[in-house]
Amino acid sequence: MIDVLYFAWVRERIGLPRERVETGATTVAGLVEELRAREERYAAAFADTSALRVALDQDLADFDAPLAGVREVAFFPPMTGG
Amino acid sequence: MRVRVRAEAFDQGAEVSAFTTGATGAGAVVSFTGIVRPDGGLTGMEIEHYPGMTEKAITAILEQAVQRWSLVDGLVIHRHGRLAPGEPIMMVATAAPHRADAFAAAEFLMDYLKSRAPFWKKESRDGGETWVAAKDADEDALKRW
């Protein structure tokens, strides 16, 4: 089980800020495929992953990064701080 | 070195004053304050962040700046939550032996905070709310470092 977090419009589109996910995926891309297949709201949020960023255990990562040992995955749009 | 992520307002004058007093050995202190720009009928701004990662990401950016420009000290304050036009959003302060390093480090911090610290801005206008989109120029700004 891993914690999956959503922020900004990704959170709004999916309709929740975080959830525990049972996954067989070995990479972030694999997890995205599983989530997309769940329901329309997930498919809509993950329609274009080039518009998304991902963090693994609170460090930015790539979509082809492995999930082994990861406890927390976060999906969000490009950041707009400052 | 201090990083503060908070909802409450801050007093930039008092912050710069305290920072300067604590920056023993510095010959230059530079500070920058970002303000909610009251343009285009903006009525408010909501800033979302990723508690935990926010502090971690800003600390890593600040450590990089301190090392690269041999800063005496560095400070980042960033707010989240609901803000009104004209309110301060965030500030950075850098202290170095000479001004060139203090200026460069402050610009570096600003460029990195824009696109590498997990904050998302949502603007409110009479017509509704919209998420602020990241700009290509913000990503390009990182290339000069």
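In this text the structure is predicted, and so the values were computed from the model without any measurement.

Undergrad: Before we move on, can you summarise the overall build of chain B with the specific residues and values?
TA: Within chain B one finds 4 helices and 8 strands. For 145 residues, the compact-globule formula gives about 15 Å, and the C-alpha radius of gyration of chain B, at 15 Å, lands near that figure. For the C-alpha atoms alone, the extent of chain B along its principal axes is close to 50 × 35 × 30 Å. In chain B, the proportion of contacts linking residues at least 24 apart, taken out of those at least 6 apart, comes to 76%.

Undergrad: Give a detailed account of the interface of chain A and chain B, specifying residues and quantitative values.
TA: The figure often quoted for interface size is the accessible area lost as the parts come together. Taken together, the contacts link 13 residues of chain A with 21 residues of chain B. Elements that contribute at least two residues to the side of chain A that touches chain B include exactly helix 1 (8–14) and strand 5 (72–76) of chain A. Broken down by class, the residue content of the side of chain A that touches chain B amounts to 9 nonpolar, 4 polar and no charged.

Undergrad: Run through helix 3 (residues 99–116) of chain B, naming residues and quoting values.
TA: Residue and element names in this part refer to chain B. Over its 18 residues, helix 3 extends 25 Å from the first C-alpha to the last, a length consistent with the 26 Å expected when each residue adds 1.5 Å. For helix 3, every residue scored as buried is listed here: Asp101, Ala102, Ala105, Ala106, Phe108, Leu109, Asp111, Tyr112, Leu113, Lys114 and Ser115. Against the buried residues of helix 3 lie strand 2 (28–35), helix 2 (53–68), strand 4 (73–79), strand 6 (88–96) and helix 4 (136–140).

Undergrad: Please provide a residue-by-residue account of the nonpolar core, values included.
TA: Grouped together as the largest cluster of nonpolar side chains are 55 residues, with contacts concentrated most on Phe7 of chain A together with Ile61, Ala105 and Leu109 of chain B. Each residue touching Leu109 of chain B, except ones within four places of it in the same chain, is listed here: Ile61, Leu62, Ala65, Val76 and Val92 of chain B.

Undergrad: Report on the packing of helix 2 of chain B against helix 3 of chain B, specifying residues and quantitative values.
TA: Residues and elements named next belong to chain B. In contact at an axis separation of 10 Å, helix 2 and helix 3 are set at 155 degrees when each is read in the N-to-C sense. Between helix 2 and helix 3, the crossing angle belongs to the class labelled roughly antiparallel. With respect to the hand of their crossing, helix 2 and helix 3 are arranged in right-handed fashion. Residue-level contacts link Ala57, Ile58, Ile61, Leu62 and Ala65 of helix 2 to Ala105, Phe108, Leu109, Tyr112, Leu113 and Arg116 of helix 3. Of the residues assigned to the contact of helix 2 with helix 3, the class counts are 10 nonpolar, no polar and 1 charged.

Thresholds applied
Residues numbered from 1 in each chain as written. Chains lettered and ligands numbered in written order. Predicted model: local features only at pLDDT ≥ 70, side-chain atom pairs only at ≥ 80, totals over all residues. Helix = DSSP H or I, 4+ residues; strand = E, 2+ residues; numbered from the N terminus. Rg over C-alpha atoms; globule rule 2.2 N^0.38 Å. Contact = placed C-beta atoms within 7 Å. Nonpolar A, V, L, I, M, F, W, Y, C, P; charged D, E, K, R; others polar. Expected span 1.5 Å × (residues − 1). Buried ≥ 20, exposed ≤ 12 C-beta atoms within 10 Å, placed from the backbone. Core = buried A, V, L, I, M, F, W, Y, C linked by C-beta atoms within 7 Å. Axes fitted to C-alpha atoms, helices over the stretch in contact; angles between N-to-C directions. Parallel < 35°, antiparallel > 145°, perpendicular 65-115°, else oblique. Left-handed = near helix turned anticlockwise from the far one by under 90°.

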